[in-house]
Amino acid sequence: EPEVTQTPSHQVTQMGQEVILRCVPISNHLYFYWYRQILGQKVEFLVSFYNNEISEKSEIFDDQFSVERPDGSNFTLKIRSTKLEDSAMYFCASSERQGLENTEAFFGQGTRLTVV
Amino acid sequence: AQSVTQLDSHVSVSEGTPVLLRCNYSSSYSPSLFWYVQHPNKGLQLLLKYTSAATLVKGINGFEAEFKKSETSFHLTKPSAHMSDAAEYFCVVSDYNFNKFYFGSGTKLNVKP
């Protein structure tokens, strides 16, 4: 069964460093998302992406964050200068979404980011 | 704005007994609702979805949920719990154009032998 894959599964980085979280969405999906879950808190929306541009972003997704689809398969989240509060599990998701059909999002296993 | 409230942070049942995980939603339009499950150290797996078709939705692993507009609820049920059902369950509502999904705070299901 097709699945969303994320790498790495765990990343430790020093405060102020740049990190890139990578995702390979399901191949025929056109809509992509990043979410995060800080330990003990809700899963929060960060950004959605379609047709090579951001569809919507949350207030969390400030200038320190960016997303890119550098080729036909990868979808990346970059944090330019990490802060301690960026420590969280980051989930990538994709959706096939054809009108009102196939609207569900399929999530990857997550990347646990630890900023020290 | 859309939101979901999961009324129980923890639910504990005995194996073989029914499961009820409660979810209430708030939406300014006809919502699309989902239940996801997260097993330890795993990703979020879709259990079932409601998108304005039948109000009783059947999902994987014997789970089902009923959309009740009058009660703004979308509770998840299973007739008989199995040990492998122990996980965290998330109720999710989408915005009107599916650009984002709003998660509930999650319910951890414990299944006792």
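Residues numbered from 1 in each chain as written. Chains lettered and ligands numbered in written order. Predicted model: local features only at pLDDT ≥ 70, side-chain atom pairs only at ≥ 80, totals over all residues. Heavy atoms only, no water.

1. Considerations on the overall build of chain B
Next up, step 1: Within chain B one finds zero helices and 12 strands.
Next up, step 2: Of the regular secondary structure in chain B, the N- to C-terminal order runs β-β-β-β-β-β-β-β-β-β-β-β.
Next up, step 3: Over its C-alpha atoms chain B spans a radius of gyration of 13 Å, differing by no more than 12% from the 13 Å that the globule rule assigns to 113 residues.
Next up, step 4: Considered along the principal axes of its C-alpha atoms, chain B spans approximately 40 × 25 × 20 Å.
Next up, step 5: Within chain B, contacts between residues separated by at least 24 positions form 55% of all contacts whose residues are at least 6 apart in sequence.
Next up, step 6: A total of about 5,200 Å² of accessible surface is found on chain B, and carbon and sulfur atoms cover 52% of it.
Next up, step 7: In chain B, 10 side chains carry a positive charge and 8 a negative one; their mean positions are 3 Å apart. (Helix = DSSP H or I, 4+ residues; strand = E, 2+ residues; numbered from the N terminus. Rg over C-alpha atoms; globule rule 2.2 N^0.38 Å. Contact = heavy atoms within 4.5 Å. Areas by Shrake-Rupley, 256 points an atom, 1.4 Å probe, with all protein chains shown as cover. Lys, Arg positive; Asp, Glu negative; His and termini not counted. Charge placed at Lys NZ, Arg CZ, Asp CG, Glu CD.)

2. Focus: the side chain of T111(A)
All names here are of chain A.
Next up, step 1: Tracing the backbone through its elements, the reader meets T111 in strand β11 (residues 111–115).
Next up, step 2: There is a polar contact of 2.6 Å between the side chain of T111 and the backbone oxygen of P8.
Next up, step 3: Setting aside chain neighbours within four positions, we find T111 in contact with Q6, T7, P8, S9, L21, A88, M89 and Y90. (Polar contact = N/O pair within 3.5 Å; in protein donor to acceptor, adjacent residues only side chain to side chain.)

3. What about the side chain of Q6(A)?
All names here are of chain A.
Next up, step 1: On the secondary structure map, Q6 appears in strand β1 (residues 5–7).
Next up, step 2: Note on Q6: relative accessible area 11%, which makes it buried.
Next up, step 3: A distance of 3.0 Å separates the side chain of Q6 from the backbone nitrogen of G110, its partner in a polar contact.
Next up, step 4: Leaving out residues up to four positions away in the same chain, Q6 has contacts with R22, C23, W34, Y90, F91, C92, G108, Q109, G110 and T111. (Buried < 20%, exposed > 50% of the residue type's maximum accessible area, 1.4 Å probe, protein only.)

4. Regarding the nonpolar core
Next up, step 1: Of all hydrophobic cores here, the largest spans 26 residues; its most connected members are W35(B), L48(B), F74(B), L76(B) and Y89(B).
Next up, step 2: Take this core: its biggest share by element is four residues, from strand β10 (residues 87–94) of chain B.
Next up, step 3: Membership of the second largest hydrophobic core comes to 23 residues, among which are L21(A), C23(A), F32(A) and V47(A). (Core = buried A, V, L, I, M, F, W, Y, C linked by side-chain atoms within 4.5 Å.)

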